[in-house]
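One-letter residues, chain by chain:
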Amino acid sequence: MLTYTLRRLAFAVPTVLIISLVVFLMLDMAPGDPTSSLPLTIPMEIREEIRAALGLGEPVLIRYVKWLQMMVINEPLHMIAGATGWDIAPDGPRILSWQTRSPVGDIIVQRIPQTLWVVGLGYVFGILIALPIGVISAYRQYSWFDQVGTFVSMVGFSVPTFFTGVVFILIFSVWLGWFPSMYDTTLSVTDWDSFVRQVSQIVMPVAVLALYNASQISRFMRASMLDNLNQDYVRTARAKGMREQTVVMVHVLRNSMIPVVTVIAIGIPTVFTGAIITEQIFRVNGLGDALIRAIYASDWPMVQTITFIFAILIVFFNLIADVLYGILDPRIRYD
Amino acid sequence: MKRRTALMGAVAALALVPALATAQERERGSSGHLNVIYWQAVSTMNPFLSGGTKEMNAASIVLEPLARFDNEGQLVAWLAEEIPTLDNGGVAEDLMSITWRLKEGLVWSDGTDVTAGDVVFTYEYCTHPEGGCAYRDRFAGIESVEAVDDHTIRITFEDATPNPYLPFVGAGSPIIQRAQFENCMGARAPECTDQNFAPIGTGPYKVANLRPNDVVEFVMNENYRVANQPYFETITWAGGGDATGAARAVFQTGEMDYAWNLQLAPEVIAQMEAGGRGELLVDFGPLMERIEINFTDPSPDLPDDERGTRMHPHPILTDIRVREALSRAIDRELLTEIGYGPTGRPACNFIVAPPAMVSPNNDDCLVQDIDRANALLDEAGWERGSDGIRVKDGERLELLFQTSTNAVRQDFQALIQQWWREIGVEAQLRNIDASVFFGSDPSSPDTYVKFWADVEMYASLFEGTDPTPHLEQRRCGREPRPETQWQGQNINRYCNEEYDALWAELNREPEPARRQELVIQLNDIFVQDYAHLPLVARGRVSAKANTLGGVVLNVWDSEHWNQAEWYRIEE
């Protein structure tokens with residue numbers, strides 16, 4: 001098991017490095033110009049000076065090495081220092097966003113909590129809803145519960161979040177006036193009132209995401225359960241006189257969870273990448289929102305950094321999924 | 001009908017002015033909290049480092065210039081005692097210098113005195129060669145800025161300057177504090193995050209907290225020079241979301257009091273307004289959507305350093321009859337109605353504002369005249385081919401029509417393509433992502449400046465109320481070309497000696513009435529030459545809640561120019 005984990009880990013580091021180089025070069029070649037969103041009253045000569053001040057003059061490889069050094073050494077130290085208050089932040093240069101001219105790391109640290117709360121809760125609720133639905137749908141295949149579940153998950157899966165989001169806003173904010181349509185990012189939870197307000201503003205984006213995630217995962221759960229329910233070992237278990245509950249909840253469920261756990265683990269990075277569209281509709285200032293705005297503004301340092309963090313997360317959770325798979329299913333440990 | 005609604009919008013905005021008269025009794029901070037939504041969030045509070053309108057607007061309630069423009073485009077002394085003129089001796093007889101005097105007793109929000117040294121420092125900060133200051137062109141043509149005494153600043157120009165009201169005037173040229181920014185000059189400017197995020201100013205508000213690209217929180221400046229202002233105690237300047245969401249928050253849910261830049265489809269605006277909680281504010285400035293006509297040959301067969309330069313005149317579009325036909329075929333009323341509704345009006349002039357400078361001589365373009373257009377092309381020798389497209393000497397009348405990717409612009413392209421087909425002109429449509437099209441990368445073949453197409457559509461404007469620099473752009477020799485790294489704003493490569501001579505006269509003329517005349521003449525030369533085709537004058541569009549008073553939409557300066565006077569209307 002250990003060698004298996006180590007071998008996977010050894011693959012991960014070069015993968016991440018190659019991803020970072022590819023991302024950097026791709027963005028460098030991408031058309032688009034950070035001064036393009038400025039008003040046309042600013043003349044071209046001035047734009048050229050702004051571009052020079054942003055450091056666009058240097059050769060690409062030098063910029064890459066500088067960026068990588070800042071990315072893997074300076075920024076993490078600053079982030080840790082910011083989070084813990086330890087005095088370990090180095091003095092060297094930091095990755096500066098072209099839009100704000102401030103360190104990218106600070107902005108990311110500011111944004112992560114909102115994304116984790118909103119998108120993370122959407123994911124957690126999605127899983128909590130999906131698992132029972134998947135189990136019951138499979139156990140009572142073609143029952144009315146299964147039919148309704150299938151219909152709802154098909155709708156949830158096929159209707160995009162930018163549509164459900166706007167529908168929710170229209171119904172619950174504009175007509176009923178229950179929840180705010182905009183996420184107040186300055187709200188800090190200090191007492192019961194502010195907690196209630198926090199809950200009421202988080203309800204709609206979480207519901208939209210939970211619906212979407214639940215639809216996906218419940219289908220996986222159902223399919224996996226169906227595969228196992230017809231297996232010989234299930235019949236054996238029943239023949240041994242085990243209670244139906246034990247057969248389904250212990251034997252079948254456990255085996256059915258193997259692929260589902262993988263799907264859930266691999267899906268976790270998308271929690272960090274944020275649901276870009278949902279964040280924009282509800283004006284949640286998360287990472288996804290930061291990324292899409294940086295892309296619009298051709299703010300490459302920001303895009304590179306966020307994409308790189310995503311790459312690390314994706315590689316990391318793939319690793320976790322691999323290891324979990326090894327734990328759940330001893331057959332695939334190669335040792 | 002449309003024009004009437006537009007006028008009503010303008011009248012509604014003006015009708016708010018009398019409300020200010022009763023404002024005297026209000027107390028500082030008595031209106032509580034204000035919620036502003038900018039769907040493009042504010043990135044920094046240092047407008048010099050950003051150049052974006054959103055940052056300029058947000059910074060304008062903290063940092064102030066010596067003078068600014070009111071909603072009618074008139075200069076108002078702001079930090080200055082009065083506007084220097086030739087009459088009061090503030091502007092030198094030879095137009096070589098201008099002398100400003102600061103108001104007495106001005107203090108920064110931290111309580112220290114504002115001095116002439118701060119003004120001089122602002123000049124040094126923005127003109128530093130490594131700073132990348134976005135408003136450096138405000139200080140072009142200046143020989144020196146010096147502090148005569150603690151309250152007097154003299155700006156000396158390199159040449160006689162009939163319009164000396166560019167440096168330190170308007171929201172794009174505010175004064176920053178020397179003590180705060182002293183160590184942030186040049187290349188070090190971006191490192192000063194704390195300073196850039198919370199500049200100390202003289203305005204009615206101070207920055208309490210800025211989360212970049214998300215939200216700015218303002219508190220009132222206790223040291224503000226007007227004793228009973230500002231009326232709002234705090235402001236939350238939220239950012240993010242999209243224009244529709246921002247409009248919804250003002251008109252329908254009432255969560256926000258003021259929303260900026262609502263460029264939405266006319267039917268969406270109408271639907272939102274039905275929410276009844278807010279009111280749309282529209283006013284018209286110099287922003288105008290136009291089609292530029294290339295006077296040079298953009299043919300891909302030419303080598304890169306000759307393509308689109310004056311070495312090769314355009315084979316089709318150098319004939320004025322073709323250009324006029326293209327213009328006559330367009331129905332500007334319909335374009336405006338479809339694309340902008342109450343937030344636009346058809347345009348026939350190069351200079352569409354301020355009202356006194358607008359030529360009355362070109363309104364015949366408002367009527368679409370397909371017959372006339374056809375006649376012009378017939379006369380120019382273009383014969384209809386078998387497919388309806390005109391041909392002359394074996395060449396088809398085919399034009400490459402490019403613009404940026406944007407729903408309204410693509411609608412416009414499709415409509416214009418159809419009208420041009422009616423007169424036998426084939427338009428090939430192309431749209432380019434705005435970040436490329438409006439980019440300044442000289443190696444990109446797709447920028448609007450390089451203009452490797454026959455015609456292109458975009459909107460442009462000028463700063464302040466003086467169109468002289470805008471008119472200057474169309475002089476001979478100002479065209480983008482390889483020798484200038486494709487920089488220059490003579491986009492259509494126009495070249496006309498009469499125009500150049502008249503512009504030179506305008507640039508020397510201090511007398512306002514004569515200047516107005518010259519601007520109109522220059523406009524007429526340009527437009528009657530069909531050098532470009534004006535389409536729609538686009539308004540500045542914002543929305544305010546019904547409970548918000550004191551807002552006076554201003555197209556000549558920051559929309560928040562009179563932020564100190566905004567108040568809550570009590571029911």
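Placed above this text is the structure.
Residues numbered from 1 in each chain as written. Chains lettered and ligands numbered in written order. Predicted model: local features only at pLDDT ≥ 70, side-chain atom pairs only at ≥ 80, totals over all residues. Heavy atoms only, no water.

(A) Region of the structure containing the overall build of chain A. A tally of regular secondary structure across chain A gives twelve helices and zero strands. Seen along its three principal axes, the alpha-carbon backbone of chain A occupies a region of about 80 × 60 × 40 Å. Counting every position in chain A, which comprises 335 residues, the buried fraction comes to 48%. In chain A, the proportion of contacts linking residues at least 24 apart, taken out of those at least 6 apart, comes to 70%. (Helix = DSSP H or I, 4+ residues; strand = E, 2+ residues; numbered from the N terminus. Buried < 20%, exposed > 50% of the residue type's maximum accessible area, 1.4 Å probe, protein only. Contact = heavy atoms within 4.5 Å.)

(B) Structural view of the overall build of chain B. Within chain B one finds 16 helices and 21 strands. On C-alpha atoms alone, chain B measures out to a radius of gyration of 25 Å, which is about the 25 Å that the 2.2 N^0.38 rule sets for 571 residues. Along the first, second and third principal axes, the C-alpha set of chain B runs to 75 × 55 × 45 Å. Here chain B holds 571 residues, and 61% of them are scored as buried. Of the contacts made within chain B by residues no fewer than 6 positions apart, 69% connect residues no fewer than 24 positions apart. Working note: accessible area of chain B is about 20,800 Å², and carbon and sulfur atoms make up 48% of it. Charge separation in chain B, taken as the distance between the mean sites of 48 positive and 88 negative side-chain charges, equals 3 Å. (Rg over C-alpha atoms; globule rule 2.2 N^0.38 Å. Areas by Shrake-Rupley, 256 points an atom, 1.4 Å probe, with all protein chains shown as cover. Lys, Arg positive; Asp, Glu negative; His and termini not counted. Charge placed at Lys NZ, Arg CZ, Asp CG, Glu CD.)

(C) Region of interest: the state of the cysteines. Residue and element names in this part refer to chain B. Here the structure, examined in full by the defined rule, presents four disulfides over all chains. Between the sulfur atoms of Cys476 and its disulfide partner Cys495 the distance amounts to 1.5 Å. One end of the pair, Cys476, is in the loop between α14 (468-472) and α15 (497-508); the other, Cys495, is in the loop between α14 and α15, with 19 residues separating them in the sequence. By relative accessible area, Cys495 is classed as partly exposed at 33%. Taking only the cysteines that form disulfides and numbering them from first to last, chain B has the pattern 1-2, 3-4, 5-6, 7-8. (Disulfide = S-S within 2.5 Å.)

(D) Quick look at the pattern of salt bridges. Scanning the model with the defined rule gives 42 salt bridges over all chains in all. Its salt-bridge partner being Asp106 of chain A, residue Arg94 of chain A comes within 3.1 Å of it at the nearest N-O pair. Placement of the pair is Arg94 of chain A in the loop between α3 (60-84) and α4 (104-139) and Asp106 of chain A in helix α4, with a sequence separation of twelve residues. Residue classification places Arg94 of chain A among the buried positions, given a relative accessible area of 17%. Of the residues examined, Asp106 of chain A reaches a relative accessible area of 38% and is grouped as partly exposed. Taking the shortest distance from any N to any O, the salt bridge between Arg372 of chain B and Glu324 of chain B comes out at 3.9 Å. Highlighted residues: Arg372 of chain B in helix α11 (residues 370-379) and Glu324 of chain B in helix α9 (residues 320-328), separated in sequence by 48 residues. Judged by its relative accessible area of 11%, Glu324 of chain B is buried. In the salt-bridge network here, residues are joined through shared partners; they are Arg310, Glu479, Arg481 and Glu483 of chain B. (Salt bridge = Lys/Arg side-chain N within 4 Å of Asp/Glu carboxyl O.)

(E) View of the environment of Gln216 of chain A. All names here are of chain A. Position of Gln216 relative to the elements: it lies in helix α7 (residues 192-229). Judged by relative accessible area, which is 30%, Gln216 ranks as partly exposed. Put simply, Gln216 and Val203 are 13 residues apart on the chain and 20 Å apart in space, counted from C-alpha to C-alpha.

(F) How the structure looks around the sheet that holds strand β4 (residues 97-101) of chain B. Residue and element names in this part refer to chain B. Here three strands make up an open sheet; going across it, the order is β4-β6-β5 and the pairing antiparallel. Of all the strands in the sheet, the pair left with one neighbour each is β4 and β5 (142-149). Along the sheet, successive strands turn relative to each other by an average axial angle of 15°, direction set aside. Relative to strand β6 (residues 152-157), β4 is paired through five bridges, and the arrangement is antiparallel. Across the sheet, residue Trp100 finds its bridge partner in β6, namely Ile153. (Pairing = 2+ DSSP bridges. Axes fitted to C-alpha atoms, helices over the stretch in contact; angles between N-to-C directions.)

(G) Main features of the sheet that holds strand β13 (residues 383-384) of chain B. With antiparallel pairing, the three strands of this open sheet are ordered in space as β13-β14-β15 (chain B). Each having just a single partner strand, β13 and β15 (395-396) of chain B make up the two edges of the open sheet.

(H) Here's a closer look at the interface of chain B and chain A. Listed per partner, the contact involves 57 residues of chain B and 44 residues of chain A. The interface formed by chain B and chain A includes zero salt bridges. Elements with a contribution of two residues or more to the side of chain B that touches chain A: α2 (47-50), α6 (193-197), β8 (215-220), β9 (232-239), α7 (243-251), α13 (434-437) and β18 (455-460) of chain B. At four residues, α7 of chain B tops the list of elements feeding residues into the side of chain B that touches chain A.

(I) Region of interest: the pairing of β9 of chain B. All names here are of chain B. Among the eight residues of β9, six are classified as buried, and the element is accordingly described as predominantly covered. Note that strand β1 (residues 32-38) and β9 share seven bridges and pair parallel. When the sheet's bridge partners are listed, Leu34 is paired in β9 with Ile235. In this structure, β8 lies alongside β9, joined through five bridges in antiparallel fashion.

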